[in-house]
Amino acid sequence: MFCPYQFDSFPPSEYISFFSSFLLSNHAPNLEAVLKEKDTTLHYSVVVPHICINAEDPRFGHLFLIYPTQILPLWDEACVDAQKQMLKKKEDEGICIKGLTIKEQLHARVSNLPLCQATSKNGIPRTSDMNRFVELRGTVIRTGMVKMLEYRRKYECTKCHNVFDMEVEIDQMNQFSRPTSCPNSDGDESCRGKNFKPVEGSGVCKDYQEIKIQEQVSKLGVGSIPRSLLVLLLDDIADSCQAGDDVTISGVVMQRWRPLREEDRCDLEVVLLANYLRVNNEHRGGGTTTTEELKTEFDRHWAAHKDNPMLGRDTILRGVCPGVHGMFMVKLAVSLSLIGGVRRIDERSGMRMRGESHLLLVGEPGTGKSQFLKFATRIESRSVLTTGVGTTSAGLTVSAVKDQGGE
């Protein structure tokens, strides 16, 4: 991706000034809603479409895609600056600002990247995308526990007693790199101390979660095996999705090194540090909510077939996997499996009986089994479609593995 500008072409104050003005002009209601929130310790977000940033100033829109790790912290500062400007403006206009508090932990979430090969990915990012801001779509196949990550810690120089901050290095498996020299400098002289000790109780923590997403099977070619990617979620977007969700994630592609051990091979992996996450389940064909229009249509349908309910049932079955002709019994079985039953509890033993049933489709090749499965995936809001391509003669199996974090 070619850009005629470099990150150093503009001072940091200009990045902050541009984004704070942009927020005040285009997202004032969102800022006001955040100011009205009571808890100042939580993390908040303001979602900004990249297309709007690009329309406001193409220079900053293009630079952001190439230098996201340098620009995102500046835009988080701009979110705080925009809140201060909004409060000052209200105060100058004589508007009561009681109950409005500035949230220091407000983050900019950038969505809706340009639909081009460099930024919008249907598959797993390559090494050429390293340190770039990309957007990709996939299915969540695993979610880890939400943990507490200490991302900032204070150190004290034993020579001059200067106290300074150190931040965790995500690309080093969330490790702190011990400082090599004291950053304190007084005029032309510097401390140059090399011994430090952590300040007790100075750690600052945030929510942290690792999830794994897989390429969408519907976007792959015949015979292709879907690949997976590890995604890191921080702050308020942690614990925002579940296994089986179809998601759109935008973030920074980075490499993460495993801890180095003597006489052990150095290992690294490609991960995505997420900045924005959206669950797309509601965009599937079946939907996830029941509106008044759907209820009215449901009542109208069965009222019209109250004398012959089987005819009403067959009318619904004609819309199940319409690409396959006939096979009403199979369509009925698929429909009942998707609808599910009612879970009940045994009164004597207290055992819970699930209401959902399993379904086994057996047939010759070309009889439409895969078509029924794909239709069920589109209807069900949380589903994962998998195939036996690339498996052994034992078929699909399940295994338990222990991750680096002990899960």
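Source: prediction; values computed, not measured.

S.K.: Honestly, the overall build of the protein chain in this entry has me stumped. Any pointers?
M.R.: Counting its secondary structure elements, the protein chain contains 9 helices and 15 strands. Looking at the protein chain as a whole, 35% of its 407 residues are labelled buried. Pairs at least 24 residues apart make up 67% of the contacts formed inside the protein chain by residues separated by at least 6 positions. Here the protein chain has roughly 25,200 Å² of accessible surface; of this, 52% comes from carbon and sulfur atoms.

S.K.: Please explain helix H1 (residues 12-26) as it appears in this structure.
M.R.: Three or four residues apart is the spacing at which side chains of an α-helix point the same way, because the helix has 3.6 residues per turn. When the terminal C-alpha atoms of H1 are compared, their 21 Å separation across 15 residues agrees well with the 21 Å that a helix rising 1.5 Å per residue should span. Within the span of H1, buried status applies to Tyr15, Ile16, Phe18, Phe19, Ser20, Phe22 and Leu23. Of the surrounding secondary structure, the elements contacted by the buried residues of H1 are helix H2 (28-36), strand S1 (44-49), helix H3 (50-56), helix H4 (58-66), helix H5 (68-92) and strand S2 (106-111).

S.K.: Hey, could you run me through the packing of H1 against H4 in this one?
M.R.: Interhelical geometry of H1 versus H4 gives an angle of 115° and a closest axis separation of 11 Å. The orientation of H1 relative to H4 falls into the category roughly perpendicular. The chirality of how H1 crosses H4 is left-handed. Judged by residue contacts, Glu14, Tyr15 and Phe18 of H1 engage Arg59, Phe60 and Leu63 from H4. Its residues placed into classes, the contact of H1 with H4 shows 4 nonpolar, no polar and 2 charged.

S.K.: Where do I start with the environment of His107 in this structure?
M.R.: Of note, His107 is situated in strand S2. Given a relative accessible area of 11%, His107 falls into the buried group. Spatially, the C-alpha atoms of His107 and Cys79 are 6.8 Å apart, while their sequence positions differ by 28 residues. Every residue in contact with His107, bar those within four places of it in the chain, is listed here: His43, Tyr44, Ser45, Val46, Asp76, Cys79, Asp235 and Asp236.

S.K.: Honestly, the nonpolar core in this entry has me stumped. Any pointers?
M.R.: Where a protein is soluble and globular, its nonpolar side chains tend to be buried together. Core analysis: the biggest nonpolar cluster contains 37 residues, and Tyr15, Phe19, Leu23, Phe64, Ile71, Trp75 and Phe133 have the highest contact counts within it. Elements that contribute at least two residues to this core include exactly H1, H2, S1, H4, H5 and S2. Counting residues per element, this core draws most heavily on H5, which supplies 9 residues. Contacts of Ile71, omitting those with residues within four sequence positions, involve Phe7, Tyr15, Leu63 and Phe64. In terms of nonpolar packing, the next biggest core, distinct from the first, is built from 19 residues, Met130, Leu136, Ala238 and Val247 among them.

S.K.: It is not clear to me how the environment of Ile141 should be interpreted in this structure. Could you clarify?
M.R.: With respect to the helices, strands and loops of the structure, Ile141 is situated in strand S4 (residues 133-143). Taking the relative accessible area as the measure of exposure, Ile141 reaches 33% and is therefore partly exposed. Apart from residues lying up to four places away in sequence, Ile141 is in contact with Lys212, Ile213, Gln214, Ser228 and Ala243.

S.K.: Hey, could you run me through the packing of aromatic side chains in this one?
M.R.: Remark: the centre distance and the inter-plane angle together describe each pair of aromatic rings, the angle taken between the planes. One pass over the full model with this rule turns up 14 aromatic pairs. Seen from their ring centres, Phe298 and Trp302 are 6.4 Å apart, and the 65° between their planes marks the pair as edge-to-face. Here the residue Phe298 and the residue Trp302 both occupy positions in helix H6 (residues 292-304), the gap between them amounting to 4 residues, near one helical turn. A relative accessible area of 52% places Phe298 in the exposed class. According to the relative accessible area criterion, Trp302 is partly exposed, its value standing at 29%. Joined through ring pairs, the aromatic side chains of Phe7, Phe10, Tyr15, Phe18, Phe19, Phe22, Phe60, Phe64, Tyr67, Trp75 and Phe133 make up one cluster. The ring of Phe176 carries the charged tip of Arg153 above its face, separated from the ring centre by 4.1 Å. If you follow Lys206 out to its NZ or CZ, it ends over the ring of Tyr151, 4.0 Å from the centre.

S.K.: Explain the pairing of strand S5 (residues 147-157) here, please?
M.R.: A regular strand carries its side chains on alternate faces of the sheet. Here 5 bridges tie S5 to strand S10 (residues 204-214), and the two strands are oriented antiparallel to one another. Opposite Lys147, over in S10, you have Tyr208 as the bridge partner. Pairing of S5 with strand S6 (residues 163-167) involves 5 bridges; the strand directions are antiparallel. Counterpart to Arg152 in the pairing with S6 is Glu167. The antiparallel hairpin formed by S5 and S6 contains 5 residues in its connecting segment, where His161 sits at a positive phi of about 60°.

S.K.: Got a minute to help me understand the side chain of His301 in this structure?
M.R.: If you trace the backbone, His301 turns up in helix H6. Take His301: its relative accessible area is 17%, and that puts it in the buried class. Separated by 3.2 Å, the side chain of His301 and the backbone oxygen of Gly312 make a polar contact. Not counting residues up to four positions away in its chain, the partners in contact with His301 are Gly312, Thr315 and Ile316.

S.K.: Got a minute to help me understand the confidence of the model for the protein chain in this structure?
M.R.: Low-confidence regions, as indicated by low pLDDT, have predicted coordinates that should not be scrutinised in detail. Summing up the model confidence of the protein chain, the mean pLDDT is 82 and the portion of residues at 70 or higher is 88%. Per-element confidence in the protein chain is highest for H1, whose mean pLDDT is 92, and lowest for strand S7 (residues 185-186), whose mean pLDDT is 68. pLDDT under 50 marks residues 283-288. Its contacts with residues more than four places away, or in other chains, come to 16 contacts.

S.K.: Looking at this structure, I do not really get the side chain of Ser202. What am I missing?
M.R.: You can see Ser202 is positioned in the loop between strand S9 (196-198) and S10. For Ser202, a relative accessible area of 12% gives the class buried. Among the polar contacts listed, one links the side chain of Ser202 to the backbone nitrogen of Lys154, at a separation of 3.2 Å. Setting aside its immediate chain neighbours within four residues, Ser202 contacts Arg152, Arg153 and Lys154.

Criteria and thresholds
Residues numbered from 1 in each chain as written. Predicted model: local features only at pLDDT ≥ 70, side-chain atom pairs only at ≥ 80, totals over all residues. Heavy atoms only, no water. Helix = DSSP H or I, 4+ residues; strand = E, 2+ residues; numbered from the N terminus. Buried < 20%, exposed > 50% of the residue type's maximum accessible area, 1.4 Å probe, protein only. Contact = heavy atoms within 4.5 Å. Areas by Shrake-Rupley, 256 points an atom, 1.4 Å probe, with all protein chains shown as cover. Expected span 1.5 Å × (residues − 1). Axes fitted to C-alpha atoms, helices over the stretch in contact; angles between N-to-C directions. Parallel < 35°, antiparallel > 145°, perpendicular 65-115°, else oblique. Left-handed = near helix turned anticlockwise from the far one by under 90°. Nonpolar A, V, L, I, M, F, W, Y, C, P; charged D, E, K, R; others polar. Core = buried A, V, L, I, M, F, W, Y, C linked by side-chain atoms within 4.5 Å. Phe/Tyr/Trp six-rings, centres within 6.5 Å; stacked < 30°, edge-to-face > 60°. Lys NZ or Arg CZ within 6 Å of the ring centre and 35° of its normal. Pairing = 2+ DSSP bridges. Polar contact = N/O pair within 3.5 Å; in protein donor to acceptor, adjacent residues only side chain to side chain. pLDDT = per-residue confidence, 0-100.

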